[in-house]
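Listed here are the chains, written in short residue letters.
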Amino acid sequence: QVQLVESGGGLVQPGGSLRLSCTASQYIYSINYMGWYRQTPGNGRELVATESGGGQIKYADFAEGRFTISRDSAGMTGALQMNNLTPEDTAVYYCHIRTIIGVQYWGQGTQVTVSA
């Protein structure tokens, strides 16, 4: 059973930064992409950013220019750097991995709260 270990959430003031991390407990064969999603009580889970196994990166409009997704060469550790945070970024953030044959893994979620 593969487990994703996620950390880095917390309380931050508007304009501040956080770095979220996601690490797999063991090697996952043939990763298609690693991504980050977020969810608030009143909204569904929405895409934040993804990085494919080939290094292709996509961002949601709200994340472009503020957030940066990255991973190590083995694809077992990923991160989401979030800068210039606003209260609208408050949500539970989830790590997500999908393999080339469609197997999916999710982290436990980490709370990000942006407030003065």
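Here, every reference points to the structure presented above.
About the criteria used
One numbering rule holds for all chains: residues counted from 1, following each sequence as written. Side-chain atom pairs in this predicted model are given and counted only at pLDDT of 80 or more, local residue features only at pLDDT of at least 70, and totals for whole chains, interfaces and linings cover all residues. Only hydrogens and water are removed before side-chain values are computed, so all heavy atoms of the structure are retained for them. Note that a disulfide, as used here, is simply two cysteine sulfur atoms within 2.5 Å. Runs of E in the DSSP output that reach at least two residues are strands. Runs of H or I that reach at least four are helices, and both are numbered from the N terminus. Pairing between two strands requires that DSSP report at least two bridges joining them. Axis lines are fitted through C-alpha atoms, for helices just across the contact stretch, and the angle between N-to-C directions can take any value from 0 to 180 degrees. Accessible area is worked out with a 1.4 Å probe on protein chains only. A residue is then buried under 20% of its type maximum, exposed over 50%, and partly exposed in between. By the convention used here, residues are in contact when the closest approach between their heavy atoms is within 4.5 Å.

Caption draft 1: Local environment of the state of the cysteines. What the rule picks out here adds up to one disulfide. Shown here is the disulfide that connects C22 with C95, its sulfur atoms set 1.9 Å apart. One disulfide, between C22 and C95, carries an S-S torsion of -80° and so falls in the left-handed class. Of this pair, C22 sits in strand β3 (residues 18–24) while C95 is found in strand β9 (residues 91–99), placing the two residues 73 residues apart along the sequence.

Caption draft 2: Here's a closer look at the sheet that holds strand β8 (residues 77–82). The strand order across the open sheet built from four strands is β1-β3-β8-β7, with neighbouring strands paired in antiparallel fashion. Two strands in the sheet have a free side with no partner beyond their single neighbour: β1 (4–7) and β7 (67–71). Neighbour to neighbour, the strand axes of the sheet diverge by 15° on average, direction disregarded. Pairing between β7 and β8: five bridges, direction antiparallel.

Caption draft 3: Representation of the side chain of H96 in the model. Positionally, H96 belongs in strand β9. H96 sits in the buried class, given a relative accessible area of 1%. Beyond its immediate chain neighbours, meaning those up to four positions away, H96 contacts Y33, M34, G35, Y37, Q104, Y105 and W106.

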